[in-house]
Amino acid sequence: MKVKLKIWRQKDSRSKGKFEIYELDNVAPDMSFLEMLDALNQKLIKEGKSPVAFDHDCREGICGSCGIYINGRPHGNDHRTTTCELRLRRFKDGETITIEPWRAAAFPVVKDLVVDRSAFDKIIQAGGYISVNAGAAQDANAIPVPKHNADVAFDTASCIGCGACVAACKNASAMLFVAAKITHLAQFPQGRVEAPERVKRMVAKMDELGFGSCTNTRACEAECPKGISISTIAKLNREFISAKLKD
Amino acid sequence: MMSKLDAKIPDGPLADKWTNHKAKLRLVNPANRRKLDIIVVGTGLAGASAASTLGELGYNVKVFCYQDSPRRAHSVAAQGGINAAKNYKNDNDSVYRLFYDMLKGGDFRAREANVYRAAEVSNLVIDHYTALGVPFARDYGGLIENRSFGGVQVSRTFYAKGQTGQQCLIGAYSALSRQIDKGTVTMYPRREMMDLVVIDGKARGIIARNLVTGEIERHSAHAVVLATGGYGTIYYLSTLALNSNGSAAWRAHKRGALFANPSFVQIHPTSIPVLNDHQCKLTLMSESLRNDGRVWVPKKKGDTRKPNEIPEEERDYYLERRYPAFGNLVPRDVASRAAKERCDAGYGVGPTGLSVYLDFRDAIQKKGRKYIEDSYGNLFEMYEKITGESPYEVPMRIYPAGHYTMGGLWVDYNLMTTIPGLYAIGEANFSDHGANRLGASSLMQTSGDGYFILPYTISDYLADDIRTPKIPTNTPEFDAAEKEVKERIDRLMSINGTETATSFHKRLGKIMWDYCGMVRNEEGLKKALGLLDELKEEFWKNLKVPDTANEMNQELEKANRIADFLELGKLLVYDALNRRESCGAHFREESQTETGEAKRDDQNFAYVAAWEFAGDGNEPILHKEELKFEYVKLQERSYK
Ligand SMILES: Cc1cc2nc3c(=O)[nH]c(=O)nc-3n(C[C@H](O)[C@H](O)[C@H](O)COP(=O)(O)OP(=O)(O)OC[C@H]3O[C@@H](n4cnc5c(N)ncnc54)[C@H](O)[C@@H]3O)c2cc1C
Ligand code: SF4
Ligand code: FES
């Protein structure tokens, strides 16, 4: 099949970007979206042009590196799918596909489709952990954890930090990401002691880094490739209020 | 020829070696730790665990990775689980049994003392991850669940559905983040280590490239730790993350670190088969699937019926038939070769004939769909996304793929390479796994190395360095290393040929897979040497790298890594040629039993092959570390 690609090109963070159009024949329905970009890049290089820069690594939906706005949606049309998992069989022959980087003030463009998501790391550094030194833990079964809590922790810890939630949100809010982490850690007795500090610091960091506030549009949940539920945001709000009350 | 290799294995009974050794290792007092710089390259489970722990201890740590965030290191992709000898199931597991299974799984080509220690610290690893909030699967009583995994008869594998690697890495990354916040660890993401700097025979720093700006940077330290993972992507198609590479280890090798058992590569039996030729990777389907999935092919050659139309009596459950004791749970090398054997004989399924079925029909009938969903839900989803078929309805198709590298930099018991001050941990070293790794032992080993072994052993080395001031980066050694890096980049940029780095990678991968893959023979290996020389020559004549070196340039990144792979590939071949025996995942056709199983030769090959770099284009020099087995009897591995 054939596709027409309208791709955002931007040399670096200081340059102005613009869309370029490329045509690609001979793509196959079972190719992944990034394999299609690989093919485009091979072609561009051979023609003496600059290949399109994009982030990727695992190519199986788990590292969170990839993240592209496809036809106006983060990671494209498919439900619960990362860009690397998306297959061309989801597109029509001859279709024009618009490809852009995440757009959010807190995620500046580095080059082409690559953005800087280090703000997420800074939020985690502000308390997204349980403080325990290596070698200081007791036996893993010393504190039983109800299966339900372990399951909720698992579901929320499956956030891959891709940033689609931010990209999807009209306020560029990082609430879903932060809420996933808060909910994950809130499931364990070990994490309780520093919970008030954690939530206050993480929320403050998020605001400081230029993420917008949450106005409950639910776009994040709809676009999250890992199905993180916005019920986590309610949990975050509860944790936050209870932490504030303790002040 | 012994010379260079002193493994420094402590005396005393096996079970006491580590305890006794620890008691003798020297310490660095907390006030001095702050003055000591340590570089850690890599943020997988090995690197993140080492960096965070060294940070907790108060050392001044700099940590590097080429991803935009440490949370994305390749360890994130591990699916099945992590082992520990907790004996939570009361099924008579023990440190000794885990040790024994690993050694046997490694076909007796690993060091007893190291493997025992890895098993010994495994329990601490699980305790620590649990304390960090890693959500291991739990039962209704709130206790941790275990499953059996990869050819063992006890349930000792801890897991978080099919995302064990991600869940553990998020834990390790969060601990690392805590240290970054405290300022004990400085994180350098989007940096690639380009070379190692050796001063007066000691590792004292690295040259890195800033992958955003292209800037070449110098970083110095009192010691350097490589936690850079495996080199399985040498096959082009593999189960690894695409950017995984062997460059850091290879540069260290060229600077004097010996490379051990490079040809020991595990081929994983259950990956999604090659579907087409645009494919850039082969996605692994966790081996835990073999707990409930049954492997089969049609009894009739070239049977093109749909799998569900093939009646029971016309199916050949060949693993259950050939290996009644272990059935579908035979170790990976055995399962891989058995699949290849059936496909080569013409019984393979799918459009290419290069796959076999992994069928859940019976398990779904017996245990219910819910159980299968709970255990493997996300793996099934992944499979369906890629192939467009639901494994709940039709059997999966699987085939072996390059997966895990058991070779790596040679290290002694302290995890130090042959360059003083240079350590290698996790998959980047060779130490624990021998010829064929036992499933779920890698996460355990990488984490154990980083949390509980390296932090102790490195202090013994650093104790001599407490008076050494900060290592300056304006020395001739840094100048020279930086110059070499820049020249090489210039050279790559100026070839201006017609072929892309990827096209060379594909061709390299094919040579490696055909001649140094699942099975090897002398003739093929010799042929590969020539082919690799030719390819390397062509690479340096006809490569094309677009754009410039002073910007983000992903093609240049690839080119640099392929240049190293072309050389490392040859070392793999030399190593495979030298080892005229079959052991574990290394299967030399010349050395097999009458029934086609791997035939070891303990008389002549019970050694670690550690290779010394002898200059570009020269044959590497072999050093042998004899393996002594004092606590286990060398046994034939039989799974019948
Ligand atoms: C699909 C898959 C499934 C697996 N499942 C399991 C399992 O269930 N159980 C199990 O025990 N094992 C499993 N393994 C194996 C296991 O995941 C790996 O062996 C292990 O995670 C390796 O960890 P590591 O920390 O040594 O390296 P990695 O996690 O590979 O980390 C390497 C790090 O080094 C960095 N790096 C590399 N080179 C450079 C450089 N030149 N400059 C700067 N940084 C560099 C990278 O950025 C990265 O941070 C699996 C492997 C795969 C591929
Ligand atoms: S919450 Fe979902 S969309 Fe947001 S970073 Fe995590 S995985 Fe990505
Ligand atoms: S490349 Fe890892 S999630 Fe897409």
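In this text the structure is predicted, and so the values were computed from the model without any measurement.

Undergrad: Looking at this structure, I do not really get helix H2 (residues 118–125) of chain A. What am I missing?
TA: H2(A) sits mainly inside the fold: seven of its eight residues count as buried. Restricting attention to buried positions, one finds in H2(A) the residues Ser118(A), Ala119(A), Phe120(A), Asp121(A), Ile123(A), Ile124(A) and Gln125(A). Where the residues of H2(A) are buried, they touch helix H4 (164–168), helix H5 (175–186) and helix H7 (195–208) of chain A together with helix H6 (164–182) of chain B. Gly127(A), located one to two residues past H2(A), shows a positive phi value of around 135°.

Undergrad: Mind showing me how you'd approach the sheet that holds strand S19 (residues 621–626) of chain B here?
TA: Within a beta sheet, neighbouring strands are joined by backbone hydrogen bonds and run either parallel or antiparallel to one another. Residues and elements named next belong to chain B. On the basis of which strands lie adjacent, the open sheet formed by four strands has the order S16-S10-S18-S19 and antiparallel pairing. In the strand order of this sheet, the two ends are held by strand S16 (408–409) and S19, each with one partner. With six bridges connecting them, strand S18 (residues 607–612) and S19 associate as antiparallel partners. Each residue of the ladder has a partner; that of alanine 610, found in S19, is histidine 623. The strands that helix H16 (residues 554–578) touches are strand S10 (259–260), S18 and S19; relative to S18, the one it contacts most, it runs at about 145°.

Undergrad: How should I be thinking about the sheet that holds strand S6 (residues 191–199) of chain B in this particular structure?
TA: Residues and elements named next belong to chain B. Ordered by their spatial adjacency, three strands build an open sheet running S6-S7-S8, and the pairing between neighbours is antiparallel. Looking at which strands have only one partner, the edges of the open sheet turn out to be S6 and strand S8 (216–220). For this sheet, the mean angle separating the axes of adjacent strands, direction not counted, is 25°. Bridging between strand S7 (residues 202–210) and S8 involves five bridges; their strand directions are antiparallel. From the neighbouring strand, glycine 205 faces S8, where its bridge partner is serine 220. Contacting S6, S7 and S8, helix H13 (residues 476–495) runs over the sheet at an angle of about 140° to S6.

Undergrad: I would appreciate a short explanation of the site of ligand 1 in the present structure.
TA: Residue and element names in this part refer to chain B. As a structural note, the neighbourhood of ligand 1 is formed by 38 residues, with Gln67, Ser75, Met193, Glu427 and Ser442 the closest of them. Backbone polar atom of glutamine 79 to a nitrogen atom of ligand 1: 3.3 Å apart, as the coordinates give it. The separation between a nitrogen atom of ligand 1 and a polar main-chain atom of methionine 193 is 2.7 Å. Relative to its unbound accessible area of 1,000 Å², ligand 1 is 98% covered by the protein chains. In a pocket analysis with a 2 Å cut-off to the grid points, ligand 1 is assigned to the largest cavity. Of all the secondary structure elements, the ones that give two or more residues to the shell around ligand 1 are helix H3 (45–57), S6, strand S15 (396–405) and helix H12 (442–462).

Undergrad: Any chance you could explain the pattern of salt bridges here in plain terms?
TA: Proximity of charged atoms lets side chains of opposite charge pair with each other. Taken as a whole, this structure holds 85 salt bridges over all chains when the rule is applied. A salt bridge links Arg90(A) to Asp78(A), with the nearest nitrogen and oxygen atoms 2.6 Å apart. Here Asp78(A) lies in the loop between strand S4 (73–74) and strand S5 (96–100) and Arg90(A) lies in the loop between S4 and S5, a separation of twelve residues in the sequence. Judged by relative accessible area, Arg90(A) falls into the exposed class, the value being 55%. Put simply, Asp107(B), Arg109(B), Arg579(B), Glu581(B), Arg600(B) and Asp602(B) are held in one network by salt bridges that share partners.

Undergrad: Is there a simple way to explain empty space enclosed by the protein in this structure?
TA: In this approach, a probe sized like a water molecule rolls over the atoms, and the result shows the empty space that is left. Residues and elements named next belong to chain B. Inspection of every chain in the model, using the stated rule, returns twelve cavities of 30 Å³ or more. For the largest cavity, the lining is made up of 50 residues, of which His74, Ser75, Gly229, Gly230 and Glu427 are closest to its centre. Looking at the lining of the largest cavity, the elements with two or more residues in it are H3, S6, helix H7 (247–254), S15 and H12. Of the residues assigned to the lining of the largest cavity, the class counts are 20 nonpolar, 23 polar and seven charged.

Undergrad: Teacher, can you tell me more about unusual backbone geometry here?
TA: Most peptide bonds take the trans configuration, and most residues that are not glycine carry a negative phi. Residues and elements named next belong to chain B. One non-glycine residue with positive phi stands out, namely asparagine 90, at about 55°. Checked against the element boundaries, asparagine 90 lands in the loop between strand S3 (82–83) and helix H4 (95–105). The phi angle at asparagine 92 is positive, at roughly 70°, despite the residue not being glycine. With respect to the helices, strands and loops of the structure, asparagine 92 is situated in the loop between S3 and H4.

Undergrad: Just checking my understanding: could you explain the domain arrangement of chain A for this structure?
TA: Size of an interface, as often reported, equals the accessible area lost when the parts are brought together. Residue and element names in this part refer to chain A. For chain A, the domain assignment lists domain 1 (3–110) and domain 2 (117–246). Computed over C-alpha atoms, the centres of domain 1 and domain 2 are 29 Å apart. The interface is formed by 22 residues belonging to domain 1 together with 21 residues belonging to domain 2. For the pairing of domain 1 and domain 2, the buried interface totals around 1,500 Å² over both sides, and the portion due to carbon and sulfur atoms is 57%. Where domain 1 meets domain 2, there are two salt bridges.

Undergrad: Explain the interface of chain B and chain A here, please?
TA: With 75 residues of chain B at the contact, the number on the chain A side is 74 residues. Summed over both partners, the interface of chain B with chain A comes to about 6,200 Å²; 50% of that surface belongs to carbon and sulfur atoms. When the buried surface of chain B facing chain A is broken down by residue, Arg72(B), Arg138(B) and Lys385(B) rank first, second and third, together holding 11% of it. For the pair chain B and chain A, the interface holds nine salt bridges. Between Lys111(A) and Glu551(B) there is a salt bridge; the shortest N-O distance is 3.1 Å. Our enumeration of links across chain B and chain A arrives at 43 residue pairs in polar contact (both at pLDDT 80 or more). If you list the elements that add at least two residues to the side of chain B that touches chain A, you get H3, helix H5 (112–131), H6, helix H11 (369–387), H12 and H16 of chain B. Here the element with the most residues in the side of chain B that touches chain A is H6(B); it accounts for nine residues. By residue class, the composition of the side of chain B that touches chain A is 29 nonpolar, 27 polar and 19 charged.

The rules behind these values
Residues numbered from 1 in each chain as written. Chains lettered and ligands numbered in written order. Predicted model: local features only at pLDDT ≥ 70, side-chain atom pairs only at ≥ 80, totals over all residues. Heavy atoms only, no water. Buried < 20%, exposed > 50% of the residue type's maximum accessible area, 1.4 Å probe, protein only. Helix = DSSP H or I, 4+ residues; strand = E, 2+ residues; numbered from the N terminus. Contact = heavy atoms within 4.5 Å. Pairing = 2+ DSSP bridges. Axes fitted to C-alpha atoms, helices over the stretch in contact; angles between N-to-C directions. Near = heavy atom within 4 Å. Polar contact = N/O pair within 3.5 Å; in protein donor to acceptor, adjacent residues only side chain to side chain. Areas by Shrake-Rupley, 256 points an atom, 1.4 Å probe, with all protein chains shown as cover. 1 Å grid on protein atoms, 1.4 Å probe; cavity = no way out; pocket = protein on both sides within 12 Å on 5 of 7 lines; lining within 4 Å. Sits in = over half its atoms within 2 Å of the grid points. Salt bridge = Lys/Arg side-chain N within 4 Å of Asp/Glu carboxyl O. Points joined across faces, edges and corners; volume = space filled by probe spheres on them. Nonpolar A, V, L, I, M, F, W, Y, C, P; charged D, E, K, R; others polar. Domains from an automatic or database assignment. Buried area = accessible area lost by both parts, 1.4 Å probe.

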